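# Structural description and commentary
The primary structure of each chain is shown beneath.
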Amino acid sequence: QVQLVESGGGVVQPGGSLRLSCEASGLIFARYVVAWYRQAAGKERELVATVTDGGGTNYGDSVKGRFTISRDHIKKTVYLQMNSLKVEDTAVYLCSAMHITGREHYWGQGTQVTVSS
């Protein structure tokens, strides 16, 4: 059974930092492209960052220069380091894993990030 378990969310003041984790199980982790998405209340789901099986990264325009995605193949975990957080970063952050063939796609349950003074 495939599972993606996110952790690390919480409440932080503007300008602060958080590190999210997405731990995968039940799949051959190295064959998946992993992404972080976010969904704020009343808004559409937004792609935040992706990391390929080879370690290549891509970021949404709103987080470039502030967020960093990375992956640890041994721990089967993907991280999202979020710095200089803004109120508009408040959302549920979801982890996604897509097989490199595109035939399988899994989602985690999400973790809430709230940026507030």
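Placed above this text is the structure.
The model shown is predicted, which means the values in this text are computed figures rather than measured ones. (Residues numbered from 1 in each chain as written. Predicted model: local features only at pLDDT ≥ 70, side-chain atom pairs only at ≥ 80, totals over all residues. Heavy atoms only, no water.)

### Re the sheet that holds strand S3 (residues 18-25)
Formally: Any two strands between which DSSP finds at least two bridges are classified as paired. Note on conventions: DSSP H or I runs of at least 4 residues are helices, E runs of at least 2 residues are strands, and numbering of each starts at the N terminus. Helix axes are fitted only over the stretch in contact, all axes being lines through C-alpha atoms; the angle between N-to-C directions runs from 0 to 180 degrees.
Here we have four strands laid out as an open sheet, ordered S1-S3-S8-S7, and antiparallel in their pairing. The sheet is open, and its two borders are formed by strand S1 (3-7) and strand S7 (67-72), each paired with just one other strand. Strand-to-strand twist of the sheet, defined as the mean angle between neighbouring strand axes without regard to direction, takes the value 15 degrees. Sheet topology note: the S7/strand S8 (residues 77-82) ladder contains six bridges and is antiparallel. Residue pairing across strands places aspartate 72 opposite threonine 77, the latter belonging to S8.

### Looking at the packing of aromatic side chains
Aromatic ring pairs are described here by two measures, namely the spacing of the ring centres and the angle between the planes. This is how the line gets drawn: Geometry of aromatic contacts follows a simple scheme: Phe, Tyr and Trp rings, the Trp one being its six-membered ring, pair when their centres are within 6.5 Å, and the pair is stacked under 30 degrees between planes, edge-to-face over 60, tilted otherwise. A simple rule labels every residue: compare its accessible area, found with a 1.4 Å probe on the protein chains alone, to the largest value its type can have, and call it buried under 20%, exposed over 50%, or partly exposed in between. By definition, being over a ring means that NZ of Lys or CZ of Arg is both within 6 Å of the ring centre and within 35 degrees of the ring normal.
With the rule as written, the count across this model stands at two aromatic pairs. Aromatic side chains tyrosine 32 and tyrosine 106 sit 6.3 Å apart centroid to centroid with 45 degrees between the ring planes, which places their arrangement in the tilted category. Note that tyrosine 32 is positioned in strand S4 (residues 32-39) and tyrosine 106 in strand S10 (residues 105-107), a separation of 74 residues in sequence. Aromatic side chains tyrosine 37 and tryptophan 107 sit 5.0 Å apart centroid to centroid with 55 degrees between the ring planes, which places their arrangement in the tilted category. One end of the pair, tyrosine 37, is in strand S4; the other, tryptophan 107, is in strand S10, with 70 residues separating them in the sequence. According to the relative accessible area criterion, tryptophan 107 is partly exposed, its value standing at 33%. Note that arginine 45 overlies the ring of tryptophan 107, its terminal NZ or CZ placed 4.6 Å from the centroid. A cation over a ring is seen here: arginine 71 above phenylalanine 29, with NZ or CZ 4.4 Å from the ring centre.

### Brief notes about the pairing of S4
Of the strand pairs in this sheet, S4 and strand S9 (residues 91-99) are connected by eight bridges, and their pairing is antiparallel. Looking at S9, one finds that alanine 35 is bridged to serine 96. Sheet topology note: the S4/strand S5 (residues 46-51) ladder contains five bridges and is antiparallel. Paired with arginine 38 across the bridge in S5 is glutamate 46. From the end of S4 to the start of S5, which pair antiparallel, there are six residues, and glycine 42 there has a positive phi angle of about 75 degrees.

The values are spatial; any link to function lies outside them.
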